[in-house]
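# Topology and contacts: notes
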Amino acid sequence: MRLHSLLGDHPGTMALKAARVSSPVVEFEFADVKQVFTQFKAMMRDLKYDFGEIALNTYLQGFEYGKPYVLLPATTLGRSQHHTIFYNADRGALDARALNGRRIGVRAYTQTTGVWVRGFLAEEYGVDLERVTWVTFEDPHLAEYHEPANVQRAPAGTELKQMLLDGDIDAAILGDVAEQGPLRHLIPDHAEAGQRWARAHGGVPINHMAVIRQSIVQTRPDVVREVYRLLRESRAAATLPAGPDDPLRIGVGATRRSIEHMIEYSFQQHLISRRPTVEDLFADAVRVLGAAAE
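Keep in mind that what you see is a predicted model, and the values were worked out from it rather than measured.

Basis of the calculations
- What you see as residue numbers is a count from 1 along each chain, following the sequence as written.
- Per-residue local features are limited, in this predicted model, to residues with pLDDT of at least 70; the limit for side-chain atom pairs, both in listing and counting, is 80 or more; totals at the level of whole chains, interfaces and linings are taken over all residues.
- Side-chain metrics rest on all non-hydrogen atoms present in the structure, leaving aside hydrogens and water.
- Two aromatic rings from Phe, Tyr or Trp, using only the six-membered ring of Trp, form a pair when their centres are within 6.5 Å; if the ring planes differ by under 30 degrees the pair is stacked, by over 60 it is edge-to-face, and anything between is tilted.
- Strands are runs of DSSP state E lasting at least 2 residues, helices are runs of H or I lasting at least 4, and numbering of each runs from the N terminus.
- When accessible area is computed with a 1.4 Å probe and restricted to protein chains, residues below 20% of their type maximum are described as buried, those above 50% as exposed, and intermediate ones as partly exposed.
- Residues adjacent in sequence count toward polar contacts only when both atoms are side-chain atoms; beyond that, a polar contact is any pair of N or O atoms within 3.5 Å, and within protein one must be able to donate a hydrogen and the other to accept it.
- Only heavy atoms matter for contacts: two residues are in contact if any of them lie within 4.5 Å across the pair.
- To obtain each axis, a line is fitted to C-alpha atoms, and for helices this fit is confined to the stretch in contact; angles are then taken between N-to-C directions over 0 to 180 degrees.
- Roughly parallel covers angles under 35 degrees, roughly antiparallel covers those over 145, roughly perpendicular covers 65 to 115, and oblique covers all other angles.
- Each residue gets one of three labels, nonpolar for Ala, Val, Leu, Ile, Met, Phe, Trp, Tyr, Cys and Pro, charged for Asp, Glu, Lys and Arg, and polar for the others, Gly among them.
- Two strands pair under a simple rule: DSSP has to find at least two bridges between them.

## Details of the packing of aromatic side chains
This structure, assessed with the given rule, holds six aromatic pairs. A centroid spacing of 5.5 Å and a plane angle of 80° characterise the contact between Trp-116 and Trp-197, whose relative ring orientation is edge-to-face. Here the residue Trp-116 occupies a position in helix H4 (residues 112-125), and Trp-197 occupies one in helix H6 (residues 190-200), the gap between them amounting to 81 residues. Neither Trp-116 nor Trp-197 differs from the other in exposure class; each is buried. Measuring from ring centre to ring centre gives 5.8 Å for Trp-116 and Tyr-265, while their planes differ by 85°; the resulting arrangement is edge-to-face. Here Tyr-265 lies in helix H9 (residues 252-268) and Trp-116 lies in helix H4, a separation of 149 residues in the sequence.

Pasting the structure below:
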């Protein structure tokens, strides 16, 4: 069976994408895209891909709105998040505990990185997320979702980093970038803070996980089992930390606590209207994968 697929070039997926692990049952037609998140809207709105990765919060929203994809217990992208938010030092020092009433930029309100950052800002630094104005640049991946009242769209033609440099916003979630010019990490001890968070919360935050079209799960469980086997073997081919520092955990048990935290953060931030359980999310996958999913 040939699957139209969406996978980024991550350490845990490279062996699969390079066909260093393969199967006589399934083959993959990988989309040629530089940044997989640019295709998440197409996956959720147009159901474009048979198999691939999706941002965790986007999947939770898709699950709520009945999108026909089944979550597999395989992380394709995970990372610490405390280093991703910045402020402009030219406008004075800024402490994470002083964000109430401020304007913070983020690519999209539904972006999974943003959900994680808002979660620990509220949990660890006492930020009242309802008292922050979130300035965004992209629509949600799901057309059914409507953003909260404290989310504003940036003016057309503006750019996130430049708005921070120009003083139009007080902080910005920029992702994996280095300090440059006046841009400084809002969390000065971000590496240590991220490690502490991971050890207290069951592991490095999960950004993306694997999904497969629901009709394939129903009609070709053998394909689903092969895809999951290949994901595990591809992950095993990468040299990565173990335990709570592992960014690419596989299995329901290994991913459970991160998913539970994302469910809670998404609910608190008005991204989903109810809290599914981990068992709800993995029910179809566990039914097909059996003990391998554990």
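And the narrative resumes.
## Describing the side chain of His-201
Mapped onto the elements of the fold, His-201 is located in the loop between H6 and strand E11 (206-213). Its relative accessible area of 10% is what places His-201 among the buried residues. A polar contact is formed between the side chain of His-201 and the side chain of Glu-123, at a distance of 2.7 Å. Reaching out from His-201, the side chain makes a polar contact with the backbone oxygen of Trp-197 at a distance of 2.8 Å. Look past the residues within four positions of His-201 in its chain and what remains in contact with it is Glu-123, Arg-257, Ser-258 and His-261.

## Quick word on the side chain of Asp-170
Examined against the element boundaries, Asp-170 turns out to sit in the loop between helix H5 (160-166) and strand E9 (171-173). Within the structure, the side chain of Asp-170 is placed 3.4 Å from the side chain of Arg-91, a separation counted as a polar contact. Among residues more than four places away in sequence, those in contact with Asp-170 are Phe-86, Tyr-87, Asn-88, Arg-91, Leu-94, Arg-102, Arg-103 and Leu-164.

## Considerations on the packing of H4 against H9
Contact geometry for H4 and H9: axes closest at 10 Å, N-to-C directions at 80°. Classified by the angle between their axes, H4 and H9 sit roughly perpendicular to one another. When H4 is examined against H9, the residues Thr-112, Val-115, Trp-116, Gly-119, Phe-120 and Glu-123 are found in contact with a partner set consisting of Ser-258, His-261, Met-262, Tyr-265 and Ser-266. A breakdown of the residues in the contact of H4 with H9 according to their chemical character gives five nonpolar, five polar and one charged.

## Focus: the environment of Asp-222
Mapped onto the elements, Asp-222 comes out in helix H8 (residues 221-236). Taking the relative accessible area as the measure of exposure, Asp-222 reaches 29% and is therefore partly exposed. Polar contacts involving the side chain of Asp-222 include one to the side chain of Arg-220, which spans 2.9 Å.

## So, the pairing of E11
In terms of residue burial, E11 counts as a mostly covered element, since eight of its eight residues are buried. One ladder, built from six bridges, connects strand E4 (residues 69-78) with E11; its direction is antiparallel. Bridging from a neighbouring strand, Thr-75 pairs with Met-209 of E11.

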